[in-house]
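Here's the letter readout for the chains.
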Amino acid sequence: MRIAADRKVFQPKSLNDALAIIRRRPGPLVFAGGSEFQNLYPGEPTIDRDILALHNIEELKRIYRSDRMLEIGSMVTLERLSRFGGDVIPKGFAEAILTLPHAPVRSIATIGGNLLVHPRYFSLAHYLTMVDASVELKRSGGGRWLPVMRLRDGDNNPQLHQELLTKIRIPVNQWNHQNFRRFYSRERELDYGICALASVHRGIIEDIRIAYLFRGLLRFQNRNSDSQLIGRRVPIPERDLRNYINQVEAGWAAHPSYALGDDLVHRRLLNLSVWFIHSLNNS
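What counts and how
- Residues numbered from 1 in each chain as written.
- Predicted model: local features only at pLDDT ≥ 70, side-chain atom pairs only at ≥ 80, totals over all residues.
- Heavy atoms only, no water.
- Pairing = 2+ DSSP bridges.
- Helix = DSSP H or I, 4+ residues; strand = E, 2+ residues; numbered from the N terminus.
- Axes fitted to C-alpha atoms, helices over the stretch in contact; angles between N-to-C directions.
- Contact = heavy atoms within 4.5 Å.
- Salt bridge = Lys/Arg side-chain N within 4 Å of Asp/Glu carboxyl O.
- Buried < 20%, exposed > 50% of the residue type's maximum accessible area, 1.4 Å probe, protein only.
- Phe/Tyr/Trp six-rings, centres within 6.5 Å; stacked < 30°, edge-to-face > 60°.
- Lys NZ or Arg CZ within 6 Å of the ring centre and 35° of its normal.

Draft legend 1. Main features of the sheet that holds strand β14 (residues 218-221). With antiparallel pairing, four strands are arranged side by side in an open sheet as β11-β12-β13-β14. Since the sheet does not close on itself, it has two edges, and those belong to β11 (177-185) and β14, each with one partner. Strand after strand, the sheet turns through a mean of 15° between neighbouring axes, direction not considered. Taken together, the ten bridges between strand β12 (residues 190-201) and strand β13 (residues 204-214) define a ladder with antiparallel strand orientation. Looking across to β13, one finds that Ala196 is bridged to Ile210. Along the sheet, helix α9 (residues 238-252) contacts β13 and β14; its crossing angle with β13, the most-contacted strand, is approximately 35°.

Rendered as structure tokens:
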């Protein structure tokens, strides 16, 4: 793989330098960890774009944690994040990271890259969207914060306008029950999973979010059904739990993701919902 003769490889050492390069030469191929680089240009002998490599920018590798939020630089690797304990990284976020099972890949893959490349693996965007995380996008002369759920358009393309993704901000301590699971159906060649979050205090469900997740950022969440559990005391009676699952499945059957799975996929995800709600009894 080569770069065209009239193109350049830039390796800035500061964020300001990187933004200045984008202003002078718009549209570079941004190189973060590089774990997806070959997939962007498979077998292509020459790349006709400038390359902007971010690996020397230390300010993009910082992590800050307060009582209210976790702020992560876009160049922090997934392996580094996976090594933090539960007092720094929320449980569901750690589980989402570990759905990429190969440590050598996690050691070069970055959180910013994971959000911006097409999700060949199960994207962290599912979890970050569920917890209302946001990202900082910077350009020369300014910046903005954007919810993760608005980072991509309807065609799954990142919404960056001569900008770099520099930080990810995650609210913490809102969800004291979290679970993230991922599976793969070889028969259907389908990635699928579940993200379940709940805030339970003194035996009362204060908030709950359960979503079924699929490759390509396709997600189903029945907010109406979830809202029926809010304010309820645990344990939820079995009859009410069955009614909840029936309502979820009825809504899911009308969603495009339902046709992706077979009965095994449907039963597995619904049963995981039941298991998660039962797990709230330990609050």
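Draft legend 2. View of the pattern of salt bridges. This structure, assessed with the given rule, holds 14 salt bridges. Two residues, Lys61 and Glu58, come together in a salt bridge whose shortest N-O distance is 3.5 Å. Assessed through its relative accessible area of 23%, Lys61 is described here as partly exposed. Residues Asp262 and Arg188 are paired through a salt bridge, measuring 3.9 Å at the closest nitrogen-oxygen approach.

Draft legend 3. Region of the structure containing the packing of aromatic side chains. Applying the stated rule across the entire model yields seven aromatic pairs. Among the aromatic residues, those joined into a ring-pair cluster are Tyr212, Phe214, Phe220, Trp252 and Tyr258. The cationic tip of Arg169 hangs over the ring face of Trp145; the distance from NZ or CZ to the ring centre is 4.0 Å.

Draft legend 4. Broad picture of the pairing of β13. Taken across its eleven residues, β13 has nine buried, putting it largely inside the fold. Between β12 and the antiparallel strand that follows it, β13, lie two residues; Arg202 among them carries a positive phi value of about 55°. Relative to β14, β13 runs antiparallel, the two sharing four bridges. For Leu213, the partnering residue across the bridge sits in β14 and is Arg219. Following β13, the chain reverses through three residues before pairing antiparallel with β14; Gly216 in that reversal takes a positive phi of roughly 85°.

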